[in-house]
Every structure is written in structure tokens, then in C-alpha cells.
Amino acid sequence: QVQLVESGGGLVQAGGSLRLSCVASGSIFSFGAMGWYRQAPGKERELVATITGGGRTNYADYVKGRFTISRDNAKDTVYLQMNSLKPEDTAVYYCNAKVVIITKEYWGQGTQVTVSS
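So, here's what we can say about the structure. (Residues numbered from 1 in each chain as written. Predicted model: local features only at pLDDT ≥ 70, side-chain atom pairs only at ≥ 80, totals over all residues. Heavy atoms only, no water.)

## Quick look at the environment of Gly32
Which entries qualify depends on this criterion: In DSSP terms, a helix is any run of H or I states spanning at least four residues, a strand is any run of E spanning at least two, and both are numbered starting from the N terminus. We call two residues in contact whenever any of their non-hydrogen atoms come within 4.5 Å of each other.
Relative to the helices and strands, Gly32 is located in strand β4 (residues 31–39). Taking the C-alpha atoms as reference points, Gly32 and Ala97, separated by 65 residues in sequence, lie 6.9 Å from one another. Setting aside chain neighbours within four positions, we find Gly32 in contact with Ile51, Gly53, Arg71, Lys98, Val99 and Val100.

## A closer look at unusual backbone geometry
Note the following rule: Partly exposed describes any residue whose relative accessible area lies between the buried limit of under 20% and the exposed limit of over 50%, with all areas from a 1.4 Å probe on protein chains only and scaled to the type maximum.
Positive phi values are uncommon outside glycine, yet Asp76 reaches one of about 50°. Along the chain, Asp76 falls in the loop between β7 (67–72) and β8 (77–82). Judged by its relative accessible area of 29%, Asp76 is partly exposed. A positive phi angle, near 85°, is found at Ile101, a position not held by glycine. Its location among the elements puts Ile101 in the loop between β9 (91–99) and β10 (104–107). Judged by relative accessible area, Ile101 falls into the exposed class, the value being 67%.

The quantities given are spatial measurements derived from coordinates; they are silent on function.
See below:
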């Protein structure tokens with residue numbers, strides 16, 4: 001079965017940095033687009049950044065210039081480098097991955113990011 005495991009979350013002070021990782025496994029087909037989403041208490045889950053298998057990226061306006069998404073296709077891993085963190089970045093961050101050929105999307109369990117003021 002497909003499994004996505006996130007890591008790298010934690011507690012940081014405003015202005016600090018964190019690097020999130022997500023390792024995907026269990027698919028007989030290649031993973032296509034991958035991305036990061038976040039959800040704060042009482043809020044709808046929202047897109048943070050995505051990256052295609054070819055390396056094209058897309059970012060939410062509120063993270064442009066601060067966050068960078070990247071991937072290692074050989075390791076089926078996607079990363080999110082987060083710099084200049086703000087308290088409003090506090091949320092559970094979820095990894096998302098699509099599988100090539102079939103119309104399937106998968107989600108990780110999430111990793112908590114807390115930014116103190």
C-alpha cells in the first residue's frame with residue numbers, strides 16, 4: 001500500500017527555519033506531482049507548494065520568497081525548506097502525492113509546525 005511519511009516539524013521562534021521531508025513508498029507506478037498543504041485549527045486545508053515530476057513549482061502567495069519545495073525522484077522524497085517563519089505559519093503540514101497512470105492521490109499523516117512569537 002502507498003504510504004507517505006512526513007518528518008521535520010517542530011517548535012521554532014519567529015524568523016527561524018525548518019526543513020520538512022516526505023518519503024513516499026509502496027506504489028508500483030511512479031509518483032507524479034507532489035506537494036505540501038497545511039491546516040490550522042478551524043481552518044480549511046490549503047495549498048502551500050507543489051512540484052511536478054519535471055520540477056515545475058507553484059507556491060501560495062503567502063509563502064513566496066520564504067519557502068522552497070524540491071524533490072529527489074530517485075528517493076521518492078519531497079522537501080519543503082521554510083525560512084523566515086511567522087506565527088501564522090503554525091499548522092499541521094501534510095504531504096500529498098499523485099501516482100502516474102492511475103487517478104489516485106495520497107496523503108501523509110501530517111507533521112506539526114509551531115512558530116512562536
